[in-house]
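# Descriptive structure summary
Here is how the chains run, residue by residue.
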Amino acid sequence: MTLLETERVAVPALRRSTALRRRRRSAAGYLFVAGYTLLLLAFGVFPTGYSFYLALTNDRGQFTGLNQFVKVAQDYRFLPAFGHMLVYLALWLVTLVVLVVLVAVVLRSRVSSGMSALLRFLYYLPGALAGVASVLVWLFMLDPDVSPVSWLLESMGMHTFAAVLSPGNLPLILMLIAFWTGAGGWMVVMYGALNNIPDEVLEAARMDGAGPWRTAWHIQIPMIRQWIVYMTILAFATGTQLFVEPQLLQTASLGRVSPTWSPNQLAYVYAFQQGDFNGAAAISVCLLVVGLLAAGLLVARSNLFTLDEK
């Protein structure tokens with residue numbers, strides 16, 4: 001067989017082998033994401049679609065357009081619930097972003113590696129607790145009769161548990177609970193993002209005369225901006241789902257906290273106390289729209305999914 005004939009036989013065989021390997025890699029990739037895709041469809045896409053169906057129909061399955069949304073919007077509890085949620089979100093997001101980034105920068109730049117690892121572990125520990133357990137810990141901390149910081153509560157004029165759980169204090173209390181349970185994990189994430197900044201960049205900043213804070217403000221924070229936006233989007237989404245914390249505070253305070261303090265609580269009342277699943281679905285869709293609008297705005301303004309050109 002001549003060299004030319006050998007090439008004519010070998011090249012197609014090589015192409016077939018290459019195509020087979022590509023198909024196998026492609027199949028492995030599809031198989032890898034199949035489990036997540038099935039769970040996403042079962043517990044994300046289909047329930048969301050069903051919620052839209054309920055929100056646009058009545059209890060007899062008849063299409064009613066936006067009537068369910070008009071009905072819940074006219075409920076005297078609707079606007080206060082969303083107002084409470086927005087105040088809580090403002091406190092939660094500002095505190096989270098500022099303190100998490102600040103602590104991560106300090107741990108990365110001003111603390112030795114051994115101490116930094118210990119502190120990151122301690123910050124992360126509260127996040128290992130479930131939401132219910134975290135609320136129980138804070139109920140103990142906020143009761144002046146048993147709290148180890150009762151002197152601090154009394155110095156602020158809060159001598160009883162009912163005074164601590166007054167409506168004006170609830171956004172701050174819920175923000176403290178959320179920060180205590182969720183901020184530690186994000187500190188670890190931000191610390192990892194800061195570690196991805198090349199040492200040559202930081203060294204160049206020092207040689208140009210930039211101190212620690214100028215380096216943080218002009219170099220480190222801009223270079224982890226996409227991670228900060230990512231954290232903000234997830235924290236916003238979590239904040240709109242506020243339910244367990246105010247529900248347990250409402251139970252522990254023997255009704256002093258409103259059972260419809262947050263939109264999720266109001267949806268719960270609609271669904272399981274009034275038997276109005278269509279109204280509950282309308283409230284859920286409103287929360288979904290608020291979350292999508294906020295996420296879309298942040299993604300568009302931050303170029304979150306833009307790849308760096310090399």
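The notes below deal with the structure included here. All of these numbers come straight from a predicted model, not from anything done at the bench.

## A look at the overall build of the chain
- When its secondary structure is counted, the chain shows 14 helices and 0 strands.
- Ordered by position from the N terminus, the helices and strands of the chain form the series α-α-α-α-α-α-α-α-α-α-α-α-α-α.
- Relative to its full complement of 310 residues, the chain shows a buried share of 35%.
- Sequence separation of at least 24 residues holds for 66% of the intrachain contacts in the chain that already meet a minimum separation of 6.

## Comments concerning the environment of Ser155
- Tracing the chain through its elements places Ser155 in helix H6 (residues 150-155).
- Owing to a relative accessible area of 54%, Ser155 belongs among the exposed residues under this scheme.
- A distance of 2.6 Å separates the side chain of Ser155 from the backbone oxygen of Leu152, its partner in a polar contact.

## Quick look at the nonpolar core
- Counting 62 residues, the largest nonpolar core has Tyr88, Trp92, Leu96, Val100, Met190 and Leu249 as the members making the most contacts within it.
- Sorting elements by how many residues they give to this core places helix H8 (residues 170-195) first, with 13 residues.
- Other than its neighbours up to four places away in sequence, Trp92 contacts Met175, Ala178, Phe179 and Ala235.

## Describing the packing of aromatic side chains
- Across all of its chains, the model carries 8 aromatic pairs by this definition.
- Between Trp227 and Tyr230 the ring centres are 6.1 Å apart and the planes differ by 90 degrees, which places this aromatic pair in the edge-to-face class. Here Trp227 pairs with Tyr230, and both are found in helix H11 (residues 225-240), just 3 residues apart, close to one helical turn.
- On the accessibility criterion, Tyr230 (38% relative accessible area) is partly exposed.
- Look at Phe243 and Tyr268: their rings are 5.5 Å apart centre to centre, the planes differ by 55 degrees, and that puts the pair in the tilted class. Within this pair, whereas Phe243 is found in the loop between H11 and helix H12 (244-252), its partner Tyr268 is found in helix H13 (residues 263-272), the two being separated by 25 residues in sequence.
- Accessibility expressed as a relative area gives 24% for Phe243, which makes it partly exposed.
- Three or more aromatic residues joined by ring pairs form one cluster here, namely Phe243, Tyr268, Phe272 and Phe277.

## Re the layout of surface pockets
- In this structure, the largest pocket encloses a volume near 550 Å³.
- Considering the residues around the largest pocket, the lining is formed by 25 residues, among which Gln241, Ser284, Val285, Leu287 and Leu288 are closest to the centre.
- Of all the secondary-structure elements, those providing two or more residues to the lining of the largest pocket are helix H1 (3-55), H11, H13 and helix H14 (277-302).
- No other element matches H14, which puts 12 residues into the lining of the largest pocket.
- For the lining of the largest pocket, the class distribution of residues is 18 nonpolar, 7 polar and no charged.

## Let's talk about the side chain of Asn278
- Among the structural elements, Asn278 can be located in helix H14.
- Residue classification places Asn278 among the buried residues on the basis of a relative accessible area of 6%.
- When neighbours within four sequence positions are excluded, Asn278 is seen to be in contact with Leu54, Ala55, Thr57, Asn58, Asp59 and Gln68.

## Quick notes on the packing of H11 against H14
- Here H11 crosses H14 at 175 degrees, and the two axes come no closer than 10 Å. When the axis of H11 is compared with that of H14, the two are roughly antiparallel. Residue-level inspection shows Arg225, Val229, Thr232, Ile233, Phe236 and Thr240 of H11 in contact with H14, the latter providing Leu287, Val290, Gly291, Ala294, Ala295, Leu298, Val299, Arg301 and Ser302.
- In terms of residue class, the contact of H11 with H14 is made up of 9 nonpolar, 4 polar and 2 charged.

## Structural notes on a nonpolar patch on the surface
- On the surface, a cluster of nonpolar side chains totalling about 610 Å² of accessible area is made up of Tyr36, Leu38, Leu40, Leu41, Val45 and Phe46.
- Positionally, Val45 belongs in helix H1.
- Judged by relative accessible area, Val45 falls into the partly exposed class, the value being 41%.

Rules used throughout
- Residues numbered from 1 in each chain as written.
- Predicted model: local features only at pLDDT ≥ 70, side-chain atom pairs only at ≥ 80, totals over all residues.
- Heavy atoms only, no water.
- Helix = DSSP H or I, 4+ residues; strand = E, 2+ residues; numbered from the N terminus.
- Buried < 20%, exposed > 50% of the residue type's maximum accessible area, 1.4 Å probe, protein only.
- Contact = heavy atoms within 4.5 Å.
- Polar contact = N/O pair within 3.5 Å; in protein donor to acceptor, adjacent residues only side chain to side chain.
- Core = buried A, V, L, I, M, F, W, Y, C linked by side-chain atoms within 4.5 Å.
- Phe/Tyr/Trp six-rings, centres within 6.5 Å; stacked < 30°, edge-to-face > 60°.
- 1 Å grid on protein atoms, 1.4 Å probe; cavity = no way out; pocket = protein on both sides within 12 Å on 5 of 7 lines; lining within 4 Å.
- Points joined across faces, edges and corners; volume = space filled by probe spheres on them.
- Nonpolar A, V, L, I, M, F, W, Y, C, P; charged D, E, K, R; others polar.
- Axes fitted to C-alpha atoms, helices over the stretch in contact; angles between N-to-C directions.
- Parallel < 35°, antiparallel > 145°, perpendicular 65-115°, else oblique.
- Patch = residues over 30% accessible without salt bridge, like charges linked within 9 Å, V, L, I, M, F, W, Y side chains within 5 Å.
- Areas by Shrake-Rupley, 256 points an atom, 1.4 Å probe, with all protein chains shown as cover.
- Salt bridge = Lys/Arg side-chain N within 4 Å of Asp/Glu carboxyl O.

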